[in-house]
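Each chain is listed here by its residues.
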Amino acid sequence: MRHSLRSSLLLLLSSPLSALATLPPSTIFTLPPPLLPGSWFENIAVRPNGKILATRGDAPEIWQIDPATGQGSLLISVAGAFNLTGIAPVTPLSPPPRPRHHNRPGTRDGPSAVPSPASVETYIFASSHIPAPLQVTPGSAKVWTLRIPLTTAPATATLLAALPAAGFLNGITPWTAGRVLISDTEAEAIYLMDVSTGTYTTPLTGLVGVNGIRAVRAATGTGGYVYRADHASLTLSRIPVDAAAVATGPAEVLVQQQLIDDFAVMQGGDGAGKAYLGGMYTNEVVEIVFGAFGTGVGTRRVVATDLTGTGTGLVTVAAFGRRNSDAGFLYAAAGQGGGNAAIVRVDPGV
Ligand SMILES: *[C@@H]1O[C@H](CO)[C@@H](O)[C@H](O)[C@H]1NC(C)=O
């Protein structure tokens, strides 16, 4: 999320980036007219069927885009919300296919690999009132449940919890079944919410600059790792946590001096893996390759530049494709580049 970042951006623009892009990014969907140069998607979730759910940061809308056809439409307009932020599934889902270019088994961010017999997919998303860039109305934070029936019935959004004491709800990631983690950028905390009741604990605090978050559960045991972007110190780090998402050790920084928003991550059992992140006002998607637990800062590579195609704008998030035909590709959200908000396909080319 574009939050107090302009000074960070200036800092970054004066530092050299290590690599050039590979294949050019390909815009697969753009919001239809009228022209909305201020439009932006804040976050995306890829459904098990491969379709993309995209939350608008400039309107209370969730759009659904089919990457196979490039067709997209308004899935739902949320009465009582202004600006939508994070979105994450809560129904246990099948694991996504292995990426095309990746030949080491690993665990993606996302729910555990339990097939769901449910006739409805359930997602949690957040909203805040952001009347203008860098302004969040105090007490406006809300968490919602999105239900998408696997029939022709329409999707519904219902208020799960108003969080008047919260600041700015930003990223959301699944944790154990029926629970999600939600980052609060202003409170510098991560909440663990029970999605059947809307009640929550605050297992992680003191997280200055917390923005996008992703969780990877341990293959054995009950805890795992919370990966989190910090747009204040320009880092991506991971925190070992127990089942209640309470830290069990120090955070490990995986990249420094990186303007960062939301991201996708894959991690093997030894901790080695990759993250792909939206570079915010750098208008890029960046790959971080990191090693086993405890090996610290990894290597950075810019995989796609100028996603808006106009030389300006922002990239807020990257996510993995989930179909066999697009596993290994990334989908990123690009906006505020002068045209309308767009979903862009990126080939990390590795
Ligand atoms: C937040 O949403 C409102 C409409 O609900 C819009 O007018 C405003 O521009 C949005 N804020 C940002 C920063 O896009």
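Residues numbered from 1 in each chain as written. Predicted model: local features only at pLDDT ≥ 70, side-chain atom pairs only at ≥ 80, totals over all residues. Heavy atoms only, no water.

Turning next to the site of the ligand. Neighbouring residues of the ligand: ten residues in total, closest Trp40, Asp58, Phe82, Asn83 and Ile130. Here Trp40 contributes a side-chain N or O atom positioned 2.9 Å from an oxygen atom of the ligand. In the model, an oxygen atom of the ligand is placed 3.0 Å from a nitrogen or oxygen of the Phe82 main chain. Coverage of the ligand by the protein amounts to 70% of the 360 Å² it exposes when considered alone. A breakdown of the residues in the shell around the ligand according to their chemical character gives six nonpolar, two polar and two charged. (Near = heavy atom within 4 Å. Polar contact = N/O pair within 3.5 Å; in protein donor to acceptor, adjacent residues only side chain to side chain. Areas by Shrake-Rupley, 256 points an atom, 1.4 Å probe, with all protein chains shown as cover. Nonpolar A, V, L, I, M, F, W, Y, C, P; charged D, E, K, R; others polar.)

Further remarks concern the nonpolar core. By size, the foremost hydrophobic cluster in this structure holds 18 residues, and its most contacted members are Ile124, Val143, Leu163, Leu169, Val180 and Met193. Going through the elements one at a time, strand S8 (120-128), strand S10 (156-162), strand S11 (169-174), strand S12 (179-184) and strand S13 (189-194) are the ones with two or more residues in this core. Examining the composition of this core, we find that three residues originate from one element, S13, more than from any other. If we skip the residues at most four places from it in the chain, Leu163 touches Ala141, Val143, Leu169, Tyr191, Met193 and Tyr200. (Core = buried A, V, L, I, M, F, W, Y, C linked by side-chain atoms within 4.5 Å. Buried < 20%, exposed > 50% of the residue type's maximum accessible area, 1.4 Å probe, protein only. Helix = DSSP H or I, 4+ residues; strand = E, 2+ residues; numbered from the N terminus. Contact = heavy atoms within 4.5 Å.)

Turning our attention to the environment of Ala81. You can see Ala81 is positioned in the loop between strand S5 (71-77) and strand S6 (83-89). In this structure the C-alpha to C-alpha distance between Ala81 and Pro60, which are 21 residues apart in sequence, comes to 5.5 Å. Those residues in contact with Ala81 that lie beyond four places of it in its chain are Pro60, Ser127 and Trp144.

All right, on to the side chain of Asp66 then. Mapped onto the elements of the fold, Asp66 is located in strand S4 (residues 61-66). Asp66 sits in the buried class, given a relative accessible area of 16%.

Now for the sheet that holds strand S17 (residues 235-241). Read across the open sheet, the four strands follow the order S15-S16-S17-S18; overall the sheet is antiparallel. Lying at the two open borders of the sheet, with one neighbouring strand each, are strand S15 (210-217) and strand S18 (252-255). Across the sheet, the mean angle from the axis of one strand to that of its neighbour is 25 degrees, orientation sign disregarded. (Pairing = 2+ DSSP bridges. Axes fitted to C-alpha atoms, helices over the stretch in contact; angles between N-to-C directions.)

This brings us to the confidence of the model for the protein chain. In this model, the protein chain carries an average pLDDT of 89, and 85% of its residues clear a pLDDT of 70 or more. With pLDDT under 50 throughout, residues 1-21 is counted as low confidence; its partners more than four residues away or in other chains account for 51 contacts. Low confidence marks residues 101-105, where pLDDT is under 50. Its contacts with residues over four positions away, or in another chain, come to eleven contacts. (pLDDT = per-residue confidence, 0-100.)

A complete count under the given rule lists six aromatic pairs for this structure. Judged by centre distance (6.0 Å) and plane angle (40 degrees), the ring pair of Phe29 and Trp63 falls under tilted. Note that Phe29 is positioned in strand S1 (residues 26-30) and Trp63 in strand S4, a separation of 34 residues in sequence. Taken together, a centroid distance of 5.9 Å and an interplanar angle of 40 degrees make the contact between Tyr227 and Phe290 tilted. Taken together, the positions of Tyr227 in strand S16 (residues 224-230) and Phe290 in strand S21 (residues 285-290) put the pair 63 residues apart, joining distant regions of the chain. Grouping residues by exposure puts Tyr227 and Phe290 together as buried. Taking the ring centre of Tyr225 as reference, the NZ or CZ of Arg238 above it sits at 5.9 Å. (Phe/Tyr/Trp six-rings, centres within 6.5 Å; stacked < 30°, edge-to-face > 60°. Lys NZ or Arg CZ within 6 Å of the ring centre and 35° of its normal.)

For the rest of this paragraph, the subject is the pairing of S16. Within S16, seven of the seven residues are buried, which leaves the element mostly enclosed by the surrounding structure. Where S15 lies against S16, six bridges are found, and the strand directions are antiparallel. Residue Ala215 lies in a different strand from S16, and its bridge partner there is Val226. Here S16 folds back onto S17, and the loop between the two strands holds four residues, one of which, Leu234, carries a positive phi near 60 degrees.

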